[in-house]
Amino acid sequence: AWLAQGFPESFRLLFGKITGRWKDAETEVDSRDFKRLRILRGSEALKIDFIADRVPRIGLPLSTFSWAELVAEASQKEVVAAEDLAYRLDTFPIENLASVPLISPLSLAEYDALRITMRDDIAELADNSVAEKEAPSL
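Residues numbered from 1 in each chain as written. Predicted model: local features only at pLDDT ≥ 70, side-chain atom pairs only at ≥ 80, totals over all residues. Heavy atoms only, no water.

Student: Could you give me a rundown of the nonpolar core, with the residues and numbers involved?
Tutor: Judged by nonpolar contacts, Phe7, Phe11, Ile18, Ala25, Leu37, Ile39, Phe50 and Ala52 together constitute the single largest core of 8 residues. Counting residues per element, the ones that place at least two in this core are helix 1 (7-21) and strand 2 (34-41). With 3 residues, the top contributor of residues to this core is helix 1. Not counting the four nearest positions on each side in its chain, Ile39 is found in contact with Ile18, Trp22, Asp24, Ala25, Glu44, Ala45, Leu46 and Ile48. (Core = buried A, V, L, I, M, F, W, Y, C linked by side-chain atoms within 4.5 Å. Buried < 20%, exposed > 50% of the residue type's maximum accessible area, 1.4 Å probe, protein only. Helix = DSSP H or I, 4+ residues; strand = E, 2+ residues; numbered from the N terminus. Contact = heavy atoms within 4.5 Å.)

In structure tokens, the structure reads:
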């Protein structure tokens with residue numbers, strides 16, 4: 001029900017719940033369609049991004065790009081390691097996709113195969129080969 005409030009109000013309500021638990025949480029970026037929270041714990045920081053997608057689209061990225069270029073560009077802004085991205089894909093709970101209202105859903109086995117392809121592409125810093133496979137349209 002809180003999502004029905006609209007993005008700014010939903011974020012405000014969620015931020016109140018987060019700061020109720022983590023007093024050091026702060027808004028790092030606050031724009032119309034993008035908010036970023038930062039929670040500090042000693043020398044470690046957790047960033048949480050909230051994006052208002054004005055046009056609902058839930059599907060697979062179909063564009064071609066190079067993971068090497070993407071990781072290099074991201075590393076200029078933040079410490080990003082391809083190994084960390086691959087690990088996150090390895091540990092992603094693929095079964096959670098069953099509850100997402102996708103435009104053209106695939107089976108969990110198909111999503112898992114795409115996850116493995118993405119992980120391998122990242123580990124090899126290769127081009128995004130998922131875009132070359134048949135994927136659901138957006």
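Student: Describe the sheet that holds strand 1 (residues 26-30), and please don't skip the residues or the numbers.
Tutor: Reading across from one edge, 1-2-3 is the order of the 3 strands in this open sheet, with antiparallel pairing throughout. Strands at the two margins of the open sheet, each flanked by one partner only, are strand 1 and strand 3 (44-51). Between one strand and the next, the sheet's axes are offset by a mean angle of 25°, whatever the strand orientation. Packed onto the sheet, helix 1 meets strand 1, strand 2 and strand 3 and runs at close to 10° relative to strand 2. (Pairing = 2+ DSSP bridges. Axes fitted to C-alpha atoms, helices over the stretch in contact; angles between N-to-C directions.)

Student: Residues and numbers for the pairing of strand 2, please.
Tutor: In this sheet, strand 2 lies alongside strand 1 in antiparallel orientation, the contact comprising 4 bridges. The partner of Val29 across the bridge, within strand 2, is Arg36. The antiparallel pairing of strand 1 with strand 2 creates a hairpin that spans 3 residues between the two strands. In the sheet, strand 2 pairs with strand 3 via 8 bridges, with the strands oriented antiparallel.

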